Structure formats: structure tokens, C-alpha cells
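Here are the chains, one letter per residue:
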Amino acid sequence: MRFDVVTLFPDMFPGYLGQSLLNKAIERGFVQVHIHDVRKWTRNKHQKVDDRPYGGGPGMVLCVQPVVECVESIQQQGDSPGHVILLTPQGRPLNQQRVEQLVERRRLVLLCGRYEGFDQRVIDLLQPEEISIGDYVLNGGEVAAMVVIDAVIRLVPEVLGQADSHRDDSFSPGNRWLESAQYTRPREYRGLTVPQVLLTGNHEEIARWRREQSYEKTKQRRADLLDPPDSQIGAQEEKERS
Ligand code: ADE
């Protein structure tokens, strides 16, 4: 799996990339992450990559030239141009179903915005998929790009220790409910004990208890998951794009 990240803040990434799971996946060659500083692509003599919006308004807009030329150059490297994603609060909300489709792409080019956004011609020319990681506004797309990388790499079969240990994650298609509570040693801490059923060794009973817990938690916190409407981003998205 290869990621190319286009950013004005390349220094935000090394700490994240050095964290254990990702670092191991990179060292073992299952994942490659290339960080590209968009500023290197500007033809402006003052290294400017942004400018005031036509028509007025607050903030600065990222210019079309450095972004488009940076991405075009990246796409010429490697075996395939990759799937281009723009991280923006205006995008469709990311969910686990979409993450599972993204891992199949094998190469993702992630564009991180800053300021008030990109010149619209970046979108017109590169036709990226626009993704939001939630209904809140970050200072830029960098953290959102890390979220996408993080969610995708753990589905690369070789990355997680047990090949299918993500199957029980909440939100995966086999399990749309929230996970039940987990316990480990000791059996008692400050008077709080581990539920008796988990100590019985009766796998059927344990599975039933977990299902019930999972259902109750989902009903209380995320009733929308019990009867999901058509996914905002997922099957429909993939159909449109293939
Ligand atoms: N950039 C700023 N806010 C964002 C969000 N919520 N999702 C993706 N990219 C963003």
C-alpha cells in the first residue's frame, strides 16, 4: 500500500509515521508513505503558495499551480497514478465501509488543505474524491490525512498481527454494533469485579452476553447504527467511481 501526502507542513508527519504499528509496516515494506512539500512546486519567486480570494473575503486560498503540478509529478512516479483524495470539511464523511474500499486501491494520494481551501481549479483538474473526517473544522487536512492512513493501513492484511483481528471492530460490515466492554487481570480492582459470565469458560454464554452488551450500548449511544440509512459514502460512492 502506498500513500503520497501533499502538504504545506511536512514536519507534522515524522512523529506519526514513527509510531509502532505504522513504523513496523513501513520497515517491513508493506506500507510506503511519501510526504511531498507543495511549496517546492511553486513558481512564485517568493515561494508563495496561497493568495487572496477573488471577489474578496477572509483568509487565503491555496493556488492551483503548485498543487496541480506537484500531484501530476507524483502520479508519474510508481506503477499507477493512484486514487486522489482531498481532505476537506466539505467532503463526504468517512466511514469504515469506505475505508475498506480504499485499502483496495493500493495507492492513495492525499491532499491536505490549509487556509480557506483550494482554488476550485485544483478540484476541476484533479477530480479528487473529497473526504471529511467529521462535522468539525480542523486547522488543515494533515490530521485528517493521518486518520485516513491510520484507518486504512490496519486493514492491509500483513499489518495487524492476527490477519483478521479487525473483524470484531465496531463499524465493520460483519459487525455494525459498538463493541462490548473488555476486561483483563486483576479480577477485582477497587471493588469493581469482572462480570461473572466472562470467568465461566462457557463460550456460548460469553458470546451471548457480549452480543447483548453490544446491542444495549449501541441502542443507547448510536441508535442510528441499528437501522442504518443508505451509507453516505460507500457502496454508492464506489459505483459512481468505477
Ligand atoms: N480539514 C479541515 N477540517 C477537516 C475535516 N473535518 N475533515 C477533513 N479535512 C479537514
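Residues numbered from 1 in each chain as written. Predicted model: local features only at pLDDT ≥ 70, side-chain atom pairs only at ≥ 80, totals over all residues. Heavy atoms only, no water.

Student: Could you clarify how one ought to interpret the environment of Y183 in this entry?
Tutor: Turning to its location among the elements, Y183 is positioned in the loop between α6 (142–153) and β8 (188–189). Its relative accessible area of 44% is what places Y183 among the partly exposed residues. Separated by 12 residues in the primary sequence, Y183 and P195 have C-alpha atoms spaced 8.6 Å apart. Setting aside anything within four residues of it in sequence, one finds Y183 in contact with T193, V194, P195, L198 and W209. (Helix = DSSP H or I, 4+ residues; strand = E, 2+ residues; numbered from the N terminus. Buried < 20%, exposed > 50% of the residue type's maximum accessible area, 1.4 Å probe, protein only. Contact = heavy atoms within 4.5 Å.)

Student: I'm lost on the pattern of salt bridges in this one. Help?
Tutor: Pairing between side chains of opposite charge can happen when the charged atoms of each approach one another. Under the counting rule described, the total for this entry stands at nine salt bridges. Ionic pairing is found between R2 and D4, a salt bridge with its closest N-O pair at 2.9 Å. Side by side, R2 and D4 carry an identical accessibility label, which is buried. The partner of E69 in a salt bridge is R43, and the shortest N-O contact between them spans 2.3 Å. Of this pair, E69 sits in helix α3 (residues 64–76) while R43 sits in the loop between β2 (32–37) and β3 (50–51), and the two are 26 residues apart along the sequence. Owing to a relative accessible area of 62%, R43 belongs among the exposed residues under this scheme. Where salt bridges share partners, they join R2, D4 and R107 into one cluster. (Salt bridge = Lys/Arg side-chain N within 4 Å of Asp/Glu carboxyl O.)

Student: Got a minute to help me understand the side chain of D119 in this structure?
Tutor: Within the secondary structure, D119 sits in the loop between β6 (107–112) and α5 (120–126). Classification of D119 as buried rests on a relative accessible area of 16%. A polar atom in the side chain of D119 sits 2.6 Å from the side chain of R121. (Polar contact = N/O pair within 3.5 Å; in protein donor to acceptor, adjacent residues only side chain to side chain.)

Student: Help me understand unusual backbone geometry in this model?
Tutor: Most of the time, phi is negative for any residue but glycine, and the peptide bond is trans. With an omega of 5°, the peptide bond between R185 and P186 qualifies as cis. Although it is not a glycine, Q47 sits at a positive phi angle of roughly 65°. Within the secondary structure layout, Q47 lies in the loop between β2 and β3. Given the relative accessible area of 41%, Q47 is considered partly exposed.

Student: I would appreciate a short explanation of the site of the ligand in the present structure.
Tutor: Neighbouring residues of the ligand: L87, T88, P89, I131, S132, I133, G134, Y136, V137, L138, G140 and A144. Within the backbone of T88, one N or O atom sits 3.2 Å away from a nitrogen atom of the ligand. Within the backbone of Y136, a nitrogen or oxygen atom sits 2.8 Å from a nitrogen atom of the ligand. Across the complex, the protein chains shield 96% of the 260 Å² of accessible surface that the ligand would expose by itself. If you list the elements that add at least two residues to the shell around the ligand, you get β5 (83–93) and β7 (129–132). Counting residues per element, the shell around the ligand draws most heavily on β5, at three residues. Among the residues forming the shell around the ligand, the class breakdown is eight nonpolar, four polar and no charged. (Near = heavy atom within 4 Å. Areas by Shrake-Rupley, 256 points an atom, 1.4 Å probe, with all protein chains shown as cover. Nonpolar A, V, L, I, M, F, W, Y, C, P; charged D, E, K, R; others polar.)

From the geometry alone we can't say anything about function, so treat these as descriptive.
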